[in-house]
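Report on the structure
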Amino acid sequence: MADTADTRTPAEIEADIKRRRAVLAETLDEIGVRVHPKTIVGDAKARAASHVDHTLGRAYVGVNRAVSDVKAQFVDLNGAPRLERVVPVAVVVVVGVVGLLALGSRRRRR
């Protein structure tokens, strides 16, 4: 067996103990902060906000893509309306609104 005698002076041992106590106290303080209820709640709020931001970002991209796709159906590359597609849709909308108005007035009469 090898001799593991400590060759440090008592002052060096005491300084080492003080240093280790300081490191241990710092570690315990960090643990205390991590498990504090306010820290846990704050972390949960931050994760939730991040998730919401991510979800809203994805939704925005999806909606923006859908709007661009629909717009591309009714506007050419120069930005001019495609009348062959706009007019039929406008007619359907007008007929639908007139039909709803007629239905509404008919129900009021009864």
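A short tour of the structure in this document, coming up. Residue numbering note: each chain is counted from 1, following its sequence as written. Totals for whole chains, interfaces and linings use every residue, but because this is a predicted model, local features are given only for residues with pLDDT of at least 70 and side-chain atom pairs only at 80 or more, for both listing and counting. Calculation of side-chain values draws on the structure's entire complement of heavy atoms; hydrogens and water are dropped beforehand.

**So, the overall build of the protein chain**
For clarity, the threshold we go by: Each helix is a run of DSSP H or I of at least 4 residues and each strand a run of E of at least 2, with the numbering of both proceeding from the N terminus. Every radius of gyration here is taken over C-alpha atoms, with the globule rule written as 2.2 Å times N^0.38, N being the number of residues. Each residue's exposure class comes from its accessible area (1.4 Å probe, protein chains only) as a fraction of the maximum for that residue type: buried when under 20%, exposed when over 50%, partly exposed otherwise. Only the protein chains shown count as covering a residue, and every accessible area follows the Shrake-Rupley method with a 1.4 Å probe.
Counting its secondary structure elements, the protein chain contains three helices and zero strands. Counted from the first residue to the last, the protein chain has its helices and strands arranged as α-α-α. The C-alpha radius of gyration of the protein chain comes to 36 Å, more than 25% above the 13 Å expected for a compact globule of 110 residues. If one aligns the C-alpha atoms of the protein chain with their principal axes, the spans along those axes are about 105 × 45 × 30 Å. In the protein chain, which comprises 110 residues, the share counted as buried stands at 1%. Here the protein chain has roughly 10,100 Å² of accessible surface; of this, 64% comes from carbon and sulfur atoms.

**As for the pattern of salt bridges**
For clarity, the threshold we go by: Just to be clear on terms, a salt bridge is a Lys or Arg side-chain nitrogen sitting within 4 Å of an Asp or Glu carboxyl oxygen.
Enumeration over the complete set of coordinates arrives at five salt bridges. The salt bridge involving R8 is made with D6; its shortest N-O contact spans 2.7 Å. A relative accessible area of 46% means that D6 is categorised as partly exposed. In this structure, R20 and D16 form a salt bridge, with 3.3 Å as the shortest nitrogen-oxygen distance. Placement of both R20 and D16 in helix α1 (residues 10–35) is noted, with a separation of four residues, approximately one turn of the helix. Here R20 falls in the exposed class, since its relative accessible area comes to 54%. Relative accessible area serves as the criterion here: at 14%, D16 is assigned to the buried category. One connected set of salt bridges, linked through shared partners, spans D6, R8, D16, R19 and R20.

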